[in-house]
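Residues per chain are reported as follows:
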Amino acid sequence: MSRIAVVVWTILRVVAAVLVAGWAALHLRVLDRVIGLGLPEWLKPAGMVLLVVGGVVVLLCGGMLNTPGMIPTKFIVFGPFRYVRNPMSLGGVTMMFGLALFCRSISILLFSAILFLALHGIVVFWEESFLEQRYGESYLQYKDSVNRWLPTFRPRPDISHP
């Protein structure tokens, strides 16, 4: 399979996962009546922006991470990973948060918070230790120079580039 076909196939899988997650989240809206709270109408445009930005980040990272031959032996930082350590997870949470604002749904907003906490737990208790074991000192330097969740919109001078 050609490299382009692999990237397209990966992006299609990411899109499918995002659509399933969005579909599931939209079914949470029935809980809005139980909760009895709603979000204001003026948040809808911000929700659309967050949906698009989060979606672009998720697709970009999905294409970058799941491409054969892209698993280096030394930890290398490129793309969104130069600005934040977990851009794909952050993009997914941003999308869910945007969906909550766009749909004016407090239940999807609560789901977004739970999703963030779950991803944070996975990152802190599993992923970071796995990456430390796999990449050693290069990952530890990366960890010290790039924030886990809050992007810094300037590349760090001490990060190696491919």
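These lines cover the structure that appears in this document, whether it is placed above or below. (Residues numbered from 1 in each chain as written. Predicted model: local features only at pLDDT ≥ 70, side-chain atom pairs only at ≥ 80, totals over all residues. Heavy atoms only, no water.)

With that settled, consider the layout of surface pockets. Looking at the second largest pocket, its volume works out to about 370 Å³. A17, V18, V58, M88 and G92 are the residues nearest the centre of the second largest pocket, which is lined by 17 residues in total. Sorting the residues of the lining of the second largest pocket by element identifies α1 (3–26), α4 (87–103) and α5 (106–135) as the ones contributing at least two each. Counted by class, the lining of the second largest pocket contains 12 nonpolar, four polar and one charged residues. (1 Å grid on protein atoms, 1.4 Å probe; cavity = no way out; pocket = protein on both sides within 12 Å on 5 of 7 lines; lining within 4 Å. Points joined across faces, edges and corners; volume = space filled by probe spheres on them. Helix = DSSP H or I, 4+ residues; strand = E, 2+ residues; numbered from the N terminus. Nonpolar A, V, L, I, M, F, W, Y, C, P; charged D, E, K, R; others polar.)

This part covers the pattern of salt bridges. Applying the stated criterion to the full structure yields five salt bridges. Here E132 ties to K143 by a salt bridge, and the two come within 2.4 Å at their closest N and O atoms. With E132 in helix α5 and K143 in helix α6 (residues 137–145), the pair connects residues that are 11 residues apart, well separated along the chain. The partly exposed category is assigned to E132, whose relative accessible area is 28%. A network of salt bridges, in which partner residues are shared, links R85, E128, E132, K143 and R148. (Salt bridge = Lys/Arg side-chain N within 4 Å of Asp/Glu carboxyl O. Buried < 20%, exposed > 50% of the residue type's maximum accessible area, 1.4 Å probe, protein only.)

Excluding glycine, most residues fall at negative phi; most peptide bonds, likewise, are trans. Phi at R104 is positive, roughly 55°, even though this residue is not glycine. For R104, the location among the structural elements is in the loop between α4 and α5. By relative accessible area, R104 is classed as partly exposed at 35%.

In a packed pair of helices, the relevant descriptors are the angle between the two axes and the axis-to-axis distance. Orientation of α4 relative to α5, taken along the N-to-C sense of each, is 170°, at an axis distance of 8 Å. Between α4 and α5, the interaxial angle falls into the category roughly antiparallel. Residue-level inspection shows S89, G92, V93, M96, F97, L99, A100 and C103 of α4 in contact with α5, the latter providing I108, L109, F111, S112, L115, F116 and L119. Classifying every residue of the contact of α4 with α5 gives 12 nonpolar, three polar and no charged. (Axes fitted to C-alpha atoms, helices over the stretch in contact; angles between N-to-C directions. Parallel < 35°, antiparallel > 145°, perpendicular 65-115°, else oblique. Contact = heavy atoms within 4.5 Å.)

Now for the nonpolar core. Within soluble globular proteins, side chains that are nonpolar tend to cluster in buried spots. By size, the foremost hydrophobic cluster in this structure holds 10 residues: C61, M64, F75, V77, F81, L131, Y135, Y139, Y142 and V146. At the level of elements, α3 (44–65), α5 and α6 are the ones that each hand at least two residues to this core. When neighbours within four sequence positions are excluded, Y139 is seen to be in contact with F75, R85, E128, L131 and E132. (Core = buried A, V, L, I, M, F, W, Y, C linked by side-chain atoms within 4.5 Å.)

Worth remembering: the numbers are spatial, not functional.
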